[in-house]
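Spelled out from the first residue to the last, the chains are:
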Amino acid sequence: RSMSDGSMLQRRPSSLTDFSLNPLEEKYNTVAVIGAGGVGAACASNLILLKACSEVLLVDIAEDRCEGEALDLQDAGFVTGVRCNHATYEEAGQADVVVITAGVGQKPGEPRTSLIGRNYNILKSIFKSMEPLNPDAVIIVVSNPCDVLTYLAQKLSGLDRKQVFGSGTFLDSQRFRIAVSHKLKVAPSAVNAFVLGEHGDSQFAATSNATIGGVPFSSFPELTPEFLKQAEDDARNRAYEIIAKKGATYHGIGACVATMIDCIFLNERLVFPLSVLEKEANVCVSQPAVLGRSGIEAILPIPMSEEEKKLYDDSCAAMRAILDEELEIEGSVVLEQKKTERLVIARYEIVGRLALAAGTLLQDGLWQRLVREKHLRAHFVVSDSGLREEAGNECSMSVS
(Lines give C-alpha, C1' and ligand atoms only; values in the text may rest on other atoms or scores of the structure.)
Protein backbone atom coordinates (compact mmCIF):
# COMPACT_ATOMS: atom_id res chain seq x y z
CA ARG A 1 0.00 0.00 0.00
CA SER A 2 1.08 3.62 -0.40
CA MET A 3 2.84 5.50 2.37
CA SER A 4 2.20 9.17 3.18
CA ASP A 5 5.31 10.17 1.20
CA GLY A 6 4.05 8.33 -1.86
CA SER A 7 6.44 5.37 -1.55
CA MET A 8 5.24 1.78 -1.51
CA LEU A 9 5.37 -0.38 1.58
CA GLN A 10 7.16 -3.60 0.67
CA ARG A 11 4.89 -6.60 1.13
CA ARG A 12 6.07 -9.06 3.74
CA PRO A 13 6.40 -12.60 2.40
CA SER A 14 3.30 -14.66 3.08
CA SER A 15 4.98 -18.03 2.57
CA LEU A 16 8.32 -19.67 1.91
CA THR A 17 7.61 -19.62 -1.80
CA ASP A 18 7.99 -15.84 -1.75
CA PHE A 19 11.68 -16.32 -1.08
CA SER A 20 12.22 -18.41 -4.22
CA LEU A 21 14.47 -16.93 -6.89
CA ASN A 22 14.31 -17.10 -10.63
CA PRO A 23 16.73 -19.96 -11.44
CA LEU A 24 18.14 -17.90 -14.30
CA GLU A 25 19.18 -15.22 -11.80
CA GLU A 26 20.91 -17.60 -9.39
CA LYS A 27 24.70 -17.73 -9.47
CA TYR A 28 26.40 -21.00 -8.62
CA ASN A 29 30.00 -22.07 -8.39
CA THR A 30 29.69 -24.80 -10.99
CA VAL A 31 32.17 -27.60 -11.66
CA ALA A 32 31.94 -29.81 -14.75
CA VAL A 33 33.58 -33.23 -14.48
CA ILE A 34 34.32 -34.71 -17.90
CA GLY A 35 34.37 -38.48 -17.60
CA ALA A 36 32.04 -40.50 -15.38
CA GLY A 37 34.39 -43.41 -14.73
CA GLY A 38 35.96 -44.21 -11.39
CA VAL A 39 38.10 -41.05 -11.24
CA GLY A 40 35.31 -38.74 -12.40
CA ALA A 41 32.81 -40.23 -9.94
CA ALA A 42 35.34 -39.95 -7.10
CA CYS A 43 35.99 -36.30 -7.96
CA ALA A 44 32.25 -35.57 -8.00
CA SER A 45 31.67 -37.44 -4.73
CA ASN A 46 34.46 -35.55 -2.95
CA LEU A 47 33.24 -32.22 -4.33
CA ILE A 48 29.79 -32.91 -2.90
CA LEU A 49 30.94 -34.11 0.51
CA LEU A 50 33.54 -31.34 0.89
CA LYS A 51 30.92 -28.79 -0.26
CA ALA A 52 33.56 -27.36 -2.56
CA CYS A 53 31.02 -25.98 -5.05
CA SER A 54 27.31 -25.37 -5.56
CA GLU A 55 26.71 -27.74 -8.46
CA VAL A 56 28.52 -30.63 -10.16
CA LEU A 57 27.84 -31.35 -13.82
CA LEU A 58 28.77 -34.86 -14.89
CA VAL A 59 29.51 -35.47 -18.58
CA ASP A 60 30.43 -38.62 -20.51
CA ILE A 61 29.88 -40.07 -23.97
CA ALA A 62 28.42 -43.14 -22.22
CA GLU A 63 25.24 -41.27 -21.34
CA ASP A 64 23.39 -44.04 -19.51
CA ARG A 65 26.31 -44.68 -17.16
CA CYS A 66 26.79 -40.94 -16.69
CA GLU A 67 23.14 -40.34 -15.88
CA GLY A 68 23.19 -43.27 -13.48
CA GLU A 69 26.25 -41.86 -11.67
CA ALA A 70 24.58 -38.45 -11.45
CA LEU A 71 21.40 -39.94 -9.98
CA ASP A 72 23.45 -41.95 -7.48
CA LEU A 73 25.46 -38.87 -6.48
CA GLN A 74 22.28 -36.84 -6.09
CA ASP A 75 21.40 -39.15 -3.22
CA ALA A 76 24.54 -37.98 -1.41
CA GLY A 77 23.67 -34.33 -1.90
CA PHE A 78 21.45 -34.21 1.19
CA VAL A 79 24.59 -34.07 3.35
CA THR A 80 25.75 -30.70 2.01
CA GLY A 81 23.06 -29.50 -0.42
CA VAL A 82 25.40 -29.61 -3.42
CA ARG A 83 23.55 -30.42 -6.64
CA CYS A 84 24.71 -33.03 -9.13
CA ASN A 85 23.29 -33.30 -12.65
CA HIS A 86 23.99 -35.08 -15.90
CA ALA A 87 24.92 -32.46 -18.51
CA THR A 88 26.00 -31.94 -22.13
CA TYR A 89 29.47 -30.97 -23.29
CA GLU A 90 28.14 -27.54 -24.30
CA GLU A 91 26.83 -26.98 -20.77
CA ALA A 92 30.14 -28.18 -19.33
CA GLY A 93 31.95 -25.58 -21.43
CA GLN A 94 30.17 -22.81 -19.51
CA ALA A 95 31.15 -24.08 -16.05
CA ASP A 96 33.44 -22.12 -13.74
CA VAL A 97 35.85 -25.06 -13.42
CA VAL A 98 36.21 -27.99 -15.81
CA VAL A 99 37.90 -31.17 -14.59
CA ILE A 100 39.05 -33.52 -17.36
CA THR A 101 39.23 -37.14 -16.21
CA ALA A 102 38.10 -38.85 -19.44
CA GLY A 103 40.51 -41.13 -21.20
CA VAL A 104 41.96 -44.61 -21.42
CA GLY A 105 43.26 -45.83 -18.08
CA GLN A 106 46.54 -47.58 -17.34
CA LYS A 107 46.79 -51.32 -17.46
CA PRO A 108 48.91 -53.18 -14.90
CA GLY A 109 52.58 -52.42 -15.55
CA GLU A 110 51.82 -49.89 -18.27
CA PRO A 111 53.60 -46.49 -18.05
CA ARG A 112 51.42 -43.39 -18.18
CA THR A 113 53.20 -42.10 -21.27
CA SER A 114 51.93 -45.04 -23.34
CA LEU A 115 48.47 -43.44 -23.20
CA ILE A 116 49.43 -40.28 -25.12
CA GLY A 117 48.03 -41.11 -28.53
CA ARG A 118 44.68 -42.45 -27.38
CA ASN A 119 44.02 -39.81 -24.76
CA TYR A 120 45.15 -36.88 -26.90
CA ASN A 121 42.46 -37.73 -29.45
CA ILE A 122 39.89 -37.84 -26.63
CA LEU A 123 41.17 -34.52 -25.26
CA LYS A 124 40.87 -32.83 -28.63
CA SER A 125 37.32 -34.10 -29.04
CA ILE A 126 36.38 -32.80 -25.59
CA PHE A 127 37.52 -29.25 -26.31
CA LYS A 128 35.79 -29.30 -29.68
CA SER A 129 32.54 -30.48 -28.08
CA MET A 130 32.67 -27.80 -25.34
CA GLU A 131 32.84 -24.87 -27.79
CA PRO A 132 32.30 -22.05 -27.13
CA LEU A 133 34.33 -22.32 -23.93
CA ASN A 134 33.74 -19.98 -21.00
CA PRO A 135 36.65 -17.50 -21.34
CA ASP A 136 36.99 -17.31 -17.55
CA ALA A 137 36.93 -21.06 -16.95
CA VAL A 138 39.67 -22.84 -15.04
CA ILE A 139 40.66 -26.20 -16.57
CA ILE A 140 42.18 -28.98 -14.45
CA VAL A 141 43.67 -31.92 -16.37
CA VAL A 142 43.66 -35.19 -14.44
CA SER A 143 43.82 -37.70 -17.33
CA ASN A 144 47.17 -39.39 -17.92
CA PRO A 145 49.82 -38.74 -18.99
CA CYS A 146 48.96 -35.62 -17.02
CA ASP A 147 51.92 -33.41 -17.96
CA VAL A 148 51.77 -34.04 -21.70
CA LEU A 149 47.99 -33.63 -21.83
CA THR A 150 48.20 -30.43 -19.77
CA TYR A 151 50.68 -29.00 -22.28
CA LEU A 152 48.36 -29.91 -25.14
CA ALA A 153 45.24 -28.68 -23.31
CA GLN A 154 46.85 -25.26 -22.92
CA LYS A 155 47.12 -25.09 -26.70
CA LEU A 156 43.72 -26.60 -27.51
CA SER A 157 41.74 -24.47 -25.04
CA GLY A 158 42.87 -21.07 -26.28
CA LEU A 159 42.81 -19.86 -22.66
CA ASP A 160 45.56 -18.12 -20.71
CA ARG A 161 48.10 -20.66 -19.47
CA LYS A 162 47.38 -19.79 -15.85
CA GLN A 163 43.81 -21.05 -16.35
CA VAL A 164 44.90 -24.51 -17.54
CA PHE A 165 46.98 -26.78 -15.32
CA GLY A 166 47.27 -30.41 -14.29
CA SER A 167 46.89 -32.22 -10.99
CA GLY A 168 50.54 -33.22 -11.44
CA THR A 169 52.34 -34.57 -8.38
CA PHE A 170 49.80 -33.27 -5.85
CA LEU A 171 48.79 -36.82 -4.91
CA ASP A 172 52.38 -38.10 -5.10
CA SER A 173 53.40 -35.38 -2.63
CA GLN A 174 50.62 -36.41 -0.25
CA ARG A 175 51.79 -40.02 -0.43
CA PHE A 176 55.32 -38.94 0.43
CA ARG A 177 54.12 -36.69 3.28
CA ILE A 178 52.02 -39.49 4.77
CA ALA A 179 55.04 -41.82 4.83
CA VAL A 180 57.14 -39.19 6.62
CA SER A 181 54.32 -38.33 9.03
CA HIS A 182 53.92 -41.98 10.02
CA LYS A 183 57.64 -42.26 10.63
CA LEU A 184 57.71 -39.23 12.94
CA LYS A 185 54.18 -39.67 14.37
CA VAL A 186 53.00 -36.22 13.28
CA ALA A 187 50.10 -35.08 11.13
CA PRO A 188 50.68 -35.14 7.33
CA SER A 189 49.81 -31.42 7.25
CA ALA A 190 52.87 -30.76 9.43
CA VAL A 191 55.14 -32.10 6.69
CA ASN A 192 56.16 -29.44 4.18
CA ALA A 193 57.72 -31.34 1.28
CA PHE A 194 57.02 -31.58 -2.44
CA VAL A 195 57.43 -34.25 -5.08
CA LEU A 196 58.36 -32.34 -8.26
CA GLY A 197 58.88 -32.89 -11.97
CA GLU A 198 56.95 -35.38 -14.08
CA HIS A 199 53.89 -37.10 -12.68
CA GLY A 200 55.53 -40.39 -13.48
CA ASP A 201 58.77 -42.29 -13.52
CA SER A 202 61.17 -39.29 -13.42
CA GLN A 203 59.53 -37.52 -10.47
CA PHE A 204 61.57 -36.90 -7.30
CA ALA A 205 61.12 -35.69 -3.73
CA ALA A 206 62.79 -32.33 -3.06
CA THR A 207 63.92 -32.89 0.55
CA SER A 208 66.91 -30.55 0.87
CA ASN A 209 64.66 -27.72 2.05
CA ALA A 210 61.75 -29.80 3.38
CA THR A 211 60.59 -29.23 6.95
CA ILE A 212 58.44 -30.61 9.75
CA GLY A 213 56.65 -27.70 11.38
CA GLY A 214 59.45 -25.44 10.17
CA VAL A 215 62.23 -27.75 11.40
CA PRO A 216 64.49 -29.08 8.59
CA PHE A 217 64.39 -32.76 7.71
CA SER A 218 68.10 -32.93 8.55
CA SER A 219 67.25 -32.35 12.23
CA PHE A 220 65.44 -35.69 12.46
CA PRO A 221 67.79 -38.70 12.67
CA GLU A 222 64.86 -40.99 11.84
CA LEU A 223 64.74 -39.52 8.32
CA THR A 224 67.75 -41.37 6.99
CA PRO A 225 68.69 -41.19 3.29
CA GLU A 226 67.60 -44.81 2.96
CA PHE A 227 64.17 -44.10 4.44
CA LEU A 228 63.63 -40.99 2.28
CA LYS A 229 64.64 -42.89 -0.85
CA GLN A 230 62.20 -45.66 0.01
CA ALA A 231 59.42 -43.16 0.69
CA GLU A 232 60.15 -41.46 -2.64
CA ASP A 233 60.06 -44.78 -4.51
CA ASP A 234 56.84 -45.81 -2.76
CA ALA A 235 55.18 -42.52 -3.76
CA ARG A 236 56.29 -43.04 -7.35
CA ASN A 237 55.15 -46.66 -7.54
CA ARG A 238 51.99 -46.56 -5.43
CA ALA A 239 49.71 -46.14 -8.45
CA TYR A 240 51.25 -49.19 -10.15
CA GLU A 241 50.69 -51.25 -7.00
CA ILE A 242 47.04 -50.17 -6.68
CA ILE A 243 46.35 -50.78 -10.36
CA ALA A 244 47.88 -54.25 -10.14
CA LYS A 245 45.65 -55.11 -7.18
CA LYS A 246 42.31 -53.45 -8.05
CA GLY A 247 42.60 -52.18 -11.62
CA ALA A 248 42.46 -48.41 -11.06
CA THR A 249 43.12 -45.53 -8.65
CA TYR A 250 40.53 -42.87 -7.90
CA HIS A 251 39.86 -42.10 -4.22
CA GLY A 252 43.12 -40.23 -3.61
CA ILE A 253 42.98 -38.13 -6.76
CA GLY A 254 39.30 -37.41 -6.12
CA ALA A 255 40.20 -35.90 -2.74
CA CYS A 256 43.03 -33.88 -4.33
CA VAL A 257 40.76 -32.44 -7.02
CA ALA A 258 38.11 -31.41 -4.49
CA THR A 259 40.79 -29.75 -2.34
CA MET A 260 42.07 -27.77 -5.34
CA ILE A 261 38.59 -26.60 -6.32
CA ASP A 262 37.77 -25.59 -2.76
CA CYS A 263 40.95 -23.51 -2.82
CA ILE A 264 39.96 -21.91 -6.15
CA PHE A 265 36.45 -20.84 -5.15
CA LEU A 266 37.61 -19.57 -1.74
CA ASN A 267 40.61 -17.86 -3.39
CA GLU A 268 42.78 -19.31 -0.62
CA ARG A 269 46.03 -19.04 -2.61
CA LEU A 270 47.47 -22.19 -1.12
CA VAL A 271 50.66 -23.70 -2.56
CA PHE A 272 50.34 -27.08 -4.29
CA PRO A 273 52.73 -28.99 -6.59
CA LEU A 274 50.82 -28.71 -9.89
CA SER A 275 51.66 -29.37 -13.53
CA VAL A 276 52.34 -25.96 -15.06
CA LEU A 277 54.47 -24.65 -17.89
CA GLU A 278 58.23 -24.72 -17.40
CA LYS A 279 59.12 -21.90 -19.77
CA GLU A 280 62.79 -22.71 -20.33
CA ALA A 281 62.15 -26.34 -21.28
CA ASN A 282 58.74 -25.58 -22.85
CA VAL A 283 57.07 -28.50 -21.09
CA CYS A 284 54.58 -28.91 -18.26
CA VAL A 285 55.93 -30.43 -15.05
CA SER A 286 54.99 -30.07 -11.40
CA GLN A 287 56.26 -27.02 -9.55
CA PRO A 288 55.08 -25.29 -6.33
CA ALA A 289 52.19 -23.12 -7.56
CA VAL A 290 49.98 -20.57 -5.81
CA LEU A 291 46.38 -21.52 -6.60
CA GLY A 292 43.58 -18.93 -6.50
CA ARG A 293 40.32 -17.91 -8.13
CA SER A 294 41.87 -17.27 -11.54
CA GLY A 295 43.93 -20.44 -11.53
CA ILE A 296 47.72 -20.33 -11.16
CA GLU A 297 48.50 -17.00 -9.49
CA ALA A 298 52.27 -17.54 -9.20
CA ILE A 299 54.99 -20.19 -9.36
CA LEU A 300 57.40 -20.31 -6.42
CA PRO A 301 61.10 -20.95 -7.19
CA ILE A 302 61.83 -23.57 -4.57
CA PRO A 303 65.49 -23.81 -3.48
CA MET A 304 67.01 -27.13 -4.53
CA SER A 305 70.31 -28.90 -4.02
CA GLU A 306 72.57 -29.51 -7.02
CA GLU A 307 71.42 -33.12 -7.16
CA GLU A 308 67.76 -32.04 -7.09
CA LYS A 309 68.35 -29.46 -9.80
CA LYS A 310 69.78 -32.18 -12.00
CA LEU A 311 66.82 -34.46 -11.29
CA TYR A 312 64.46 -31.60 -12.16
CA ASP A 313 66.31 -30.85 -15.39
CA ASP A 314 66.36 -34.54 -16.28
CA SER A 315 62.61 -34.76 -15.69
CA CYS A 316 61.98 -31.75 -17.94
CA ALA A 317 64.24 -33.28 -20.58
CA ALA A 318 62.32 -36.57 -20.36
CA MET A 319 59.04 -34.72 -20.97
CA ARG A 320 60.55 -32.79 -23.86
CA ALA A 321 61.85 -36.00 -25.43
CA ILE A 322 58.40 -37.59 -25.21
CA LEU A 323 56.79 -34.60 -26.89
CA ASP A 324 59.43 -34.52 -29.61
CA GLU A 325 59.17 -38.26 -30.20
CA GLU A 326 55.41 -38.61 -30.07
CA LEU A 327 54.11 -35.35 -31.44
CA GLU A 328 55.07 -32.50 -33.70
CA ILE A 329 53.83 -29.21 -32.29
CA GLU A 330 53.33 -26.34 -34.72
CA GLY A 331 51.45 -23.43 -33.18
CA SER A 332 48.03 -24.65 -32.11
CA VAL A 333 47.94 -27.42 -34.73
CA VAL A 334 49.18 -30.76 -33.44
CA LEU A 335 50.19 -33.44 -35.93
CA GLU A 336 49.57 -36.84 -34.45
CA GLN A 337 51.91 -39.43 -33.02
CA LYS A 338 54.09 -41.43 -35.34
CA LYS A 339 54.27 -44.79 -33.63
CA THR A 340 53.27 -48.18 -34.92
CA GLU A 341 49.83 -49.61 -34.08
CA ARG A 342 48.28 -46.21 -33.32
CA LEU A 343 45.60 -44.29 -35.11
CA VAL A 344 47.07 -41.47 -37.18
CA ILE A 345 45.07 -38.36 -37.84
CA ALA A 346 46.89 -36.04 -40.22
CA ARG A 347 45.74 -32.53 -41.01
CA TYR A 348 46.86 -30.89 -44.21
CA GLU A 349 45.98 -27.50 -45.56
CA ILE A 350 45.09 -27.58 -49.26
CA VAL A 351 44.63 -24.08 -50.66
CA GLY A 352 43.33 -22.78 -47.36
CA ARG A 353 41.17 -25.84 -46.66
CA LEU A 354 41.95 -28.62 -44.16
CA ALA A 355 41.54 -32.17 -45.39
CA LEU A 356 41.24 -34.77 -42.62
CA ALA A 357 42.49 -38.33 -42.94
CA ALA A 358 41.75 -40.52 -39.95
CA GLY A 359 43.11 -44.05 -39.51
CA THR A 360 41.35 -46.45 -41.85
CA LEU A 361 38.24 -44.26 -42.24
CA LEU A 362 37.01 -43.99 -45.82
CA GLN A 363 34.07 -41.64 -46.16
CA ASP A 364 32.00 -40.62 -49.21
CA GLY A 365 34.75 -41.71 -51.58
CA LEU A 366 36.92 -38.77 -50.50
CA TRP A 367 40.00 -40.92 -50.00
CA GLN A 368 40.66 -43.63 -52.58
CA ARG A 369 43.42 -45.26 -50.65
CA LEU A 370 44.84 -45.31 -47.13
CA VAL A 371 47.63 -47.80 -46.55
CA ARG A 372 49.25 -48.67 -43.23
CA GLU A 373 52.83 -49.85 -43.46
CA LYS A 374 55.51 -50.62 -40.93
CA HIS A 375 55.91 -47.03 -39.77
CA LEU A 376 52.27 -46.08 -40.29
CA ARG A 377 52.71 -44.54 -43.70
CA ALA A 378 49.34 -43.29 -44.90
CA HIS A 379 48.77 -42.43 -48.55
CA PHE A 380 45.64 -40.88 -49.97
CA VAL A 381 44.46 -39.35 -53.23
CA VAL A 382 41.95 -36.51 -53.36
CA SER A 383 39.12 -37.66 -55.59
CA ASP A 384 36.36 -35.30 -54.45
CA SER A 385 35.61 -33.02 -57.41
CA GLY A 386 35.32 -29.89 -55.27
CA LEU A 387 38.68 -30.37 -53.60
CA ARG A 388 40.25 -31.44 -56.89
CA GLU A 389 39.15 -28.18 -58.45
CA GLU A 390 40.78 -26.25 -55.63
CA ALA A 391 43.92 -28.33 -55.24
CA GLY A 392 44.55 -29.34 -58.83
CA ASN A 393 43.58 -32.36 -60.87
CA GLU A 394 45.23 -34.74 -58.47
CA CYS A 395 46.82 -34.41 -55.03
CA SER A 396 48.51 -37.11 -53.04
CA MET A 397 50.33 -36.87 -49.74
CA SER A 398 51.84 -39.22 -47.21
CA VAL A 399 52.81 -39.15 -43.57
CA SER A 400 55.02 -41.59 -41.69
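Everything quoted here is computed from the prediction, not taken from an experiment.

Caption draft 1: Layout of a nonpolar patch on the surface. Together, L49, F78 and V79 line one region of the surface with nonpolar side chains, adding up to about 360 Å² of accessible area. Structurally, the position occupied by L49 is in helix α1 (residues 38-50).

Caption draft 2: Broad picture of the pattern of salt bridges. Per the counting criterion, the structure on display carries eleven salt bridges. Residue E232 pairs with R236 through a salt bridge whose shortest N-O separation is 3.8 Å. Here E232 and its partner R236 are both found in helix α7 (residues 225-246), four residues apart, which amounts to about one turn of the helix. Taking relative accessible area as the criterion, R236 reaches 14% and is therefore assigned buried. Across the pair E306 and K309 runs a salt bridge whose closest N-O atoms are separated by 3.6 Å. Here E306 and its partner K309 are both found in helix α9 (residues 306-326), three residues apart, which amounts to about one turn of the helix. Shared partners join several salt bridges into a network, and the residues in it are K229, E232, D233 and R236.

Caption draft 3: Structural context of the side chain of E69. Locating E69 in the fold gives a position in helix α2 (residues 63-74). On the accessibility criterion, E69 (18% relative accessible area) is buried. If we skip the residues at most four places from it in the chain, E69 touches A36, A41 and L58.

Caption draft 4: Highlighting helix α6 (residues 170-184). Here α6 contains 15 residues, and its C-alpha end-to-end distance of 21 Å stays within 8% of the 21 Å for a straight helix at 1.5 Å per residue. Those residues of α6 lying buried are F170, L171, D172, S173, R175, F176, R177, V180, S181 and L184. Against the buried residues of α6 lie β7 (191-196), β8 (204-212), α7, α8 (251-265) and β10 (270-278). Looking one or two residues past α6, K185 carries a phi angle of roughly 60°, positive in sign.

Caption draft 5: Structural context of α1. Between the first and last C-alpha of α1 there are 18 Å, a value that for 13 residues agrees with the 18 Å anticipated at 1.5 Å per step. Turning to α1, its buried residues number three or more, namely G40, A41, A42, C43, A44, L47 and I48. Buried-residue contacts for α1 involve β1 (30-34), β2 (55-59), α2, β3 (83-86) and α8. The first or second residue beyond α1 is K51, which carries a positive phi of 55°.

Caption draft 6: Spatial organisation of the pairing of strand β4 (residues 97-100). Burial of β4 is two-sided: the residues V97 and V99 facing one way and the residues V98 and I100 facing the other way are all buried. Direction of pairing for β1 relative to β4: parallel, over a ladder of four bridges. The residue bridging I34 from the neighbouring strand is I100, located in β4.

Caption draft 7: Broad picture of the environment of A179. Take A179: it is sitting in helix α6. Residue class for A179 comes out partly exposed when judged on its relative accessible area of 25%. Along the backbone, A179 and A235 are 56 residues apart, and their C-alpha atoms lie at a distance of 8.6 Å. Beyond its immediate chain neighbours, meaning those up to four positions away, A179 contacts F227 and A231.

The rules behind each value
Residues numbered from 1 in each chain as written. Predicted model: local features only at pLDDT ≥ 70, side-chain atom pairs only at ≥ 80, totals over all residues. Heavy atoms only, no water. Patch = residues over 30% accessible without salt bridge, like charges linked within 9 Å, V, L, I, M, F, W, Y side chains within 5 Å. Areas by Shrake-Rupley, 256 points an atom, 1.4 Å probe, with all protein chains shown as cover. Salt bridge = Lys/Arg side-chain N within 4 Å of Asp/Glu carboxyl O. Helix = DSSP H or I, 4+ residues; strand = E, 2+ residues; numbered from the N terminus. Buried < 20%, exposed > 50% of the residue type's maximum accessible area, 1.4 Å probe, protein only. Contact = heavy atoms within 4.5 Å. Expected span 1.5 Å × (residues − 1). Pairing = 2+ DSSP bridges.

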